[in-house]
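The chain contents come next:
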Amino acid sequence: MRITKQSRGRALARLPLAVAVCVALQATGVASAQDAATAQQATAPAQAAADAPQKEAKTLGAVIVTAQKREENLQAVPISLQAIGEAQLEQHDVADFDDYAKLIPSLSYGTAGGGVFSGPGFLQVYMRGVASGGDGNHSGSQPSVGVYLDEQPITTITGALDIHMYDIARVEALAGPQGTLYGASSQAGTLRIITNKPDPSGFSANVSAEVNAIKDGGIGHVVEAMANIPTGRRSALRLVGWQKHDAGYVDNVRGTVTFPTSGIVADNAAFAKDDYNEADTVGARAALRIELDDDWTITPTLMGQHQDAEGSTGYDPSVGEFEVKHGYPEYSKDKWMQAALTVQGKVGNFDLTYAYSHLSRDVDSAADYTDYGFWYDTLAGYGAYMCSDFDPVSFSCDPATYVNPSQHILAKDRYRTESHELRLASPAENRWRVVGGLFWQRQRHDIFQNYLVDGLSAVQQVPGFDDTIWLTAQQRVDRDQAVFGEVSFDITPRLTATGGMRFFRSDNSLVGFFGYGDWGWSSSSGVVVCFDDRQVMGAPCTNLDKRVKENDSIGKFNLSWKLDEDRMLYATWSQGYRPGGINRRGTVPPYTSDYLTNYEFGWKTAWLDHRLVFNGAVFREDWKDFQFSYLGLNGLTEIRNANQARIDGAELELQWQASYNFMLSGGVAWYDARLTEDYCGFNDADGNPVSTCPPGTINPITGDPVGGPQAPSGTRLPITARFKGNLTGRYAWDVGAGEAYVQGALFHQGKRRADLRTEENALLGDLDAYTLFDLSAGFARGQWKFDAFVHNLFDRKTELTKFAECATLTCGYQPYIVSTPPRTIGLRVSKDF
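What counts and how
Here the residue index of a chain counts from 1 through its sequence in written order. Given that the model is predicted, a residue must reach a pLDDT of at least 70 before its local features are reported, and side-chain atom pairs must reach 80 or more before they are shown or counted; all residues, however, enter totals for whole chains, interfaces and linings. Processing note: side-chain calculations cover all non-hydrogen atoms of the structure and skip hydrogens and water entirely. Numbering of helices and strands runs from the N terminus, with a helix taken as a DSSP run of H or I at least four residues long and a strand as a DSSP run of E at least two residues long. Whether two residues are in contact is decided by their heavy atoms: any pair within 4.5 Å suffices. What sets the accessible areas is the Shrake-Rupley method with a 1.4 Å probe; for residues, cover comes only from the shown protein chains. The rule is short: rings of Phe, Tyr and Trp, with Trp giving its six-membered ring, pair when the centres are within 6.5 Å, and they are stacked under 30 degrees, edge-to-face over 60, tilted in between. Relative accessibility decides the category of a residue: with a 1.4 Å probe and only protein chains considered, values under 20% of the type maximum give buried, values over 50% give exposed, and everything between is partly exposed. By definition, two strands form a pair when at least two bridges between them are found by DSSP. A 3.5 Å cut-off defines polar contacts: any pair of N or O atoms within that distance qualifies, except that in protein one atom must be a possible hydrogen donor and the other a possible acceptor, and neighbouring residues in sequence count only when both atoms are side-chain atoms. Counting rule for disulfides: a pair of cysteine sulfur atoms within 2.5 Å. Salt bridges, as used here, are contacts in which a Lys or Arg side-chain nitrogen is within 4 Å of a carboxyl oxygen on Asp or Glu. Scored from 0 to 100, pLDDT reflects the predictor's confidence in each residue.

**Structural notes on the overall build of the chain**
So, step 1. Check the secondary structure of the chain and you find 7 helices and 44 strands.
So, step 2. A sequence separation of at least 24 residues applies to 69% of the contacts in the chain between residues at least 6 apart.
So, step 3. Within the structure as shown, the chain displays about 32400 Å² of accessible surface, and the carbon and sulfur contribution to it stands at 57%.

This is how it looks when you write it as structure tokens:
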């Protein structure tokens, strides 16, 4: 990897913004810093005497969470719940999802985007090993983990928003099914990002600036600011803004690709660039809190972000470490805006909460798809049919008119999500307690993907779209409605039983066009199978119009026993689900809902006068008819119900305030996630999974014999490691009137499968285990904080995920690897007002 003069110049050109902020901070704060220093020196002896007994009694403070739709002490919540508070987020320099995912052992993730773009902003989130390895395509299954910003869901059909983590109060990770309170996208768990709220009690503000450099890569920066402004005795406005540049570290190197059929040589000279996976992000959040009286509060919030990303975070190991050889533009322009409203009040002695949100997200992206064209040409002679003068009568090309058969994609995705939730909660001190409510959500996804071959003959184009060999123009709508509730009863002062139910209805539709023009290339897609003249998003006609409806219910039962005020045991039975949906390929039937049943025993304990917290859970989860997404023929996503799987696991969390100066914290998770029946790759004539398929079994759809299961019983589920853990040690000490610290953090993740299917996993290869170490140090005095950090201190190459444009035996394979960025060194300065 290299830093050229040009790339270094671009990076340095961005530095003045961060430097200017730092200088401004120093200029505005020097006088107040001197005054504060004088005051601190005058009171130092008295303060030192007052501090002495406190140093001997420092304990872990209580963490208040709202995971169960009411405010509770974390240690009193009888579920597997990890909370990362604001201080811990700052201590680990958490800026986005990748950063806090390392701190949550139950969490794993991959890239999304359906192969169109691999970069920031596209996430597939998994918890507790409940992962089948779906590709995140727009026509795939709904996510199995729900992600919430405060009270509002931010999970779109393709994946969750990657929220910039500044001015965040905490992250709550609820492991295991949360279906009764959170619904369809919380089958395996729920992530909740809780923002700091406007505070009428007084003015406060913060500014922060960071600069960082990646080994053999570029230079990045982050600038952030927050102001909490009281606007009256009962109202306040909170304004938050950020701008950042993520430096690149993947090079698009100069090279050529020779297509064997035509002999055409494609050269990427016009697109070669060092550190080309850069991203620039700007965003803001505004929240207003109005206290109408002592009981009623209204909080409207508006939050938006615009991210321009270039290149791909995945690199091609056949080219080199952190290198690719791509010959077409690759970018993503991701703009989203969420308007939210939360109303809280009292109805009698019940707490009422109404939460509304409207999310609008527009993503324009482009991707190189040369690998797909190369492998289809190599194995099937596809290049012999790509020309500027195709003869439909002889179904052939004049070799003199061959064109470069490389494909590239232009895509437009438009997401609109609207949700309403209304709930009531009885007083928390009652012996009988109830939480219940109504939920309504509508998600719409307008999908436009244009697969281009430059110079393609007019007869081969999709009508109305120049150079387009394949077009996807569809509108997907997912509708969810639910009634939910939980009831708790204190059998004794120390023994509590909780039961819950959720009754749901889903209604999902997909209409539009997918496929080729009318030139005989396919008999199962494109213009030749159109049945309607409707032009969805400008497509020539309609060849897909399907709708599926379901209604069902899920439940939960929990028993918790307080051994004393500091220790609790609990046992839980709970269920989660994902609704079924539609396959774009007409010959493949719809897929049905899949269900997860959880059996869990856990504990919450505090020891040594609250200087040590040890929490944990052991569980078994049965996953019935789980949905499995994969790229089928012509790169078309197919989703099938894939029999049964079982996940056995354990999760442990420790926090230890060993002394006034030293704190140790960490967590580990162990999972044994396996198929309990064969995955055969086909269903029976009624669409139900086939439980066993020894060699010679007849596929009822094709009538052909199979060579055996695609993944036999006992195969480990992909994505999630058997073991994942983290450990952080932090030592702080007084330096004059300030405080210094040094912190080390260790992260480990074990070996994982990249794909459920045996042959495809062999092509991609397993994801290797890795261990990372972060180091940081800093000094705080008065309102100022100075931090230095090194992420990935030992510069380890990791395999977070793998993907391929084509990864089957019939079309070859060329896997890409997404890695942790190389060693990154940074400096950050911040000031409170």
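**What to know about the packing of aromatic side chains**
So, step 1. Here the structure, examined in full by the defined rule, presents 31 aromatic pairs.
So, step 2. Between phenylalanine 504 and tyrosine 577, the aromatic rings sit 3.7 Å apart at their centres with planes inclined by 10 degrees, giving stacked as the arrangement. Remark: tyrosine 577 occurs in strand 29 (residues 567–578) and phenylalanine 504 occurs in strand 27 (residues 495–515); sequence separation between them is 73 residues.
So, step 3. Overall, the relative accessible area of 4% leaves phenylalanine 504 in the buried class.
So, step 4. Its relative accessible area of 3% is what places tyrosine 577 among the buried residues.
So, step 5. Each ring, one from phenylalanine 619 and one from tyrosine 671, has its centre 6.0 Å from the other, and the planes form 50 degrees; the classification is tilted.

**Side note on the sheet that holds strand 43 (residues 816–818)**
So, step 1. Sheet architecture is open: 3 strands sit in the order 18-43-40, paired in antiparallel fashion. Each edge of the sheet is formed by a strand with only one pairing partner; in this case those strands are strand 18 (314–315) and strand 40 (801–803).
So, step 2. In this structure, strand 18 lies alongside strand 43, joined through 2 bridges in antiparallel fashion. Each residue of the ladder has a partner; that of glycine 314, found in strand 43, is valine 818.

**Here we look at the environment of tyrosine 595**
So, step 1. Structurally, tyrosine 595 can be placed in strand 30 (residues 594–607).
So, step 2. When sequence neighbours within four positions are dropped, the list of residues in contact with tyrosine 595 reads Gln187, Phe504, Asp552, Ile554, Gly576, Tyr577, Asp622, Trp623 and Lys624.
So, step 3. Here aspartate 552 takes part through its side chain, which lies 2.8 Å from a polar atom of the side chain of tyrosine 595.

**Notes on the state of the cysteines**
So, step 1. Applying the stated criterion to the full structure yields 3 disulfides.
So, step 2. Here cysteine 387 engages in a disulfide with cysteine 397; their sulfurs sit 2.0 Å apart. Linking cysteine 387 and cysteine 397, the disulfide has an S-S dihedral of approximately -70 degrees and is accordingly described as left-handed. Here cysteine 397 lies in strand 23 (residues 396–397) and cysteine 387 lies in the loop between helix 6 (370–380) and strand 22 (390–391), a separation of 10 residues in the sequence.
So, step 3. With a sulfur-sulfur separation of 1.9 Å, cysteine 530 is cross-linked through a disulfide to cysteine 541. One disulfide, between cysteine 530 and cysteine 541, carries an S-S torsion of 65 degrees and so falls in the right-handed class. One end of the pair, cysteine 530, is in the loop between strand 27 and strand 28 (544–564); the other, cysteine 541, is in the loop between strand 27 and strand 28, with 11 residues separating them in the sequence.
So, step 4. On the basis of relative accessible area, cysteine 530 is assigned to the partly exposed category, the value being 23%.

**A few points about the sheet that holds strand 3 (residues 81–85)**
By way of backbone hydrogen bonds, the strands of a sheet pair with one another, either parallel or antiparallel.
So, step 1. Ordered by their spatial adjacency, 5 strands build an open sheet running 3-8-9-6-7, and the pairing between neighbours is mixed. Of all the strands in the sheet, the pair left with one neighbour each is strand 3 and strand 7 (152–153).
So, step 2. Bridge count for strand 6 (residues 145–149) against strand 7 is 2 bridges, and the pairing is antiparallel. Counted as the bridge partner of leucine 149 is glutamine 152 from strand 7.

**What to know about the pattern of salt bridges**
Side chains carrying opposite charge are able to pair once their charged atoms draw close together.
So, step 1. If you walk through the whole model with that rule in mind, you get 50 salt bridges.
So, step 2. The closest approach of N and O atoms between lysine 346 and aspartate 351, which form a salt bridge, is 2.8 Å.
So, step 3. A salt bridge links arginine 444 to aspartate 446; the shortest N-O distance between them is 3.2 Å.
So, step 4. On the accessibility criterion, arginine 444 (26% relative accessible area) is partly exposed.
So, step 5. With relative accessibility at 11%, the residue aspartate 446 sits in the buried group.
So, step 6. A network of salt bridges, in which partner residues are shared, links Lys215, Asp216, Glu321, Asp795 and Lys797.

**Examining the pairing of strand 27**
So, step 1. Counting buried positions over the 21 residues of strand 27 gives 16, a clear majority of the element.
So, step 2. Linking strand 26 (residues 468–490) back to strand 27 in an antiparallel pair, the connection comprises 4 residues.
So, step 3. Pairing analysis gives 18 bridges linking strand 27 to strand 28, with the strands arranged antiparallel. Bridge pairing in strand 28 places arginine 502 opposite isoleucine 554.

**Overview of the environment of proline 463**
So, step 1. Mapped onto the fold, proline 463 is located in the loop between strand 25 (432–452) and strand 26.
So, step 2. Under the relative-accessibility criterion, proline 463 is labelled partly exposed at 39%.
So, step 3. In sequence terms proline 463 and cysteine 541 are 78 residues apart; their C-alpha atoms lie 9.5 Å from each other.
So, step 4. Not counting the four nearest positions on each side in its chain, proline 463 is found in contact with Gly517, Val527 and Pro540.

**A word on unusual backbone geometry**
So, step 1. You will see that aspartate 216, though not glycine, has its phi angle at about 55 degrees, which is positive.
So, step 2. Relative to the assigned elements, aspartate 216 resides in the loop between strand 10 (204–214) and strand 11 (219–232).
So, step 3. Positive phi is not limited to glycine here, since isoleucine 719 has a value of about 80 degrees.
So, step 4. In this fold, isoleucine 719 is placed in the loop between strand 35 (662–675) and strand 36 (723–735).

**Here we look at the environment of valine 250**
So, step 1. Tracing the sequence through the fold places valine 250 in the loop between strand 12 (235–246) and strand 13 (251–252).
So, step 2. For the pair valine 250 and glycine 320, spaced 70 residues apart in sequence, the C-alpha to C-alpha distance is 9.9 Å.

**Looking at the confidence of the model for the chain**
So, step 1. Of all residues in the chain, 88% have pLDDT values of 70 or greater, and the mean over the chain is 87.
So, step 2. pLDDT under 50 marks residues 1–54. Its contacts with residues more than four places away, or in other chains, come to 58 contacts.

**Observations concerning the pairing of strand 11**
So, step 1. For strand 10 and strand 11, the ladder comprises 10 bridges, and the chain directions are antiparallel. Opposite valine 211, over in strand 11, you have histidine 221 as the bridge partner.
So, step 2. The antiparallel pairing of strand 10 with strand 11 creates a hairpin that spans 4 residues between the two strands, and aspartate 216 there sits at a positive phi of about 55 degrees.
So, step 3. One ladder, built from 11 bridges, connects strand 11 with strand 12; its direction is antiparallel. Note on strand 12: the bridge partner recorded for methionine 226 is valine 240.
So, step 4. Taken together, strand 11 and the strand that follows it, strand 12, pair antiparallel across an intervening segment of 2 residues.

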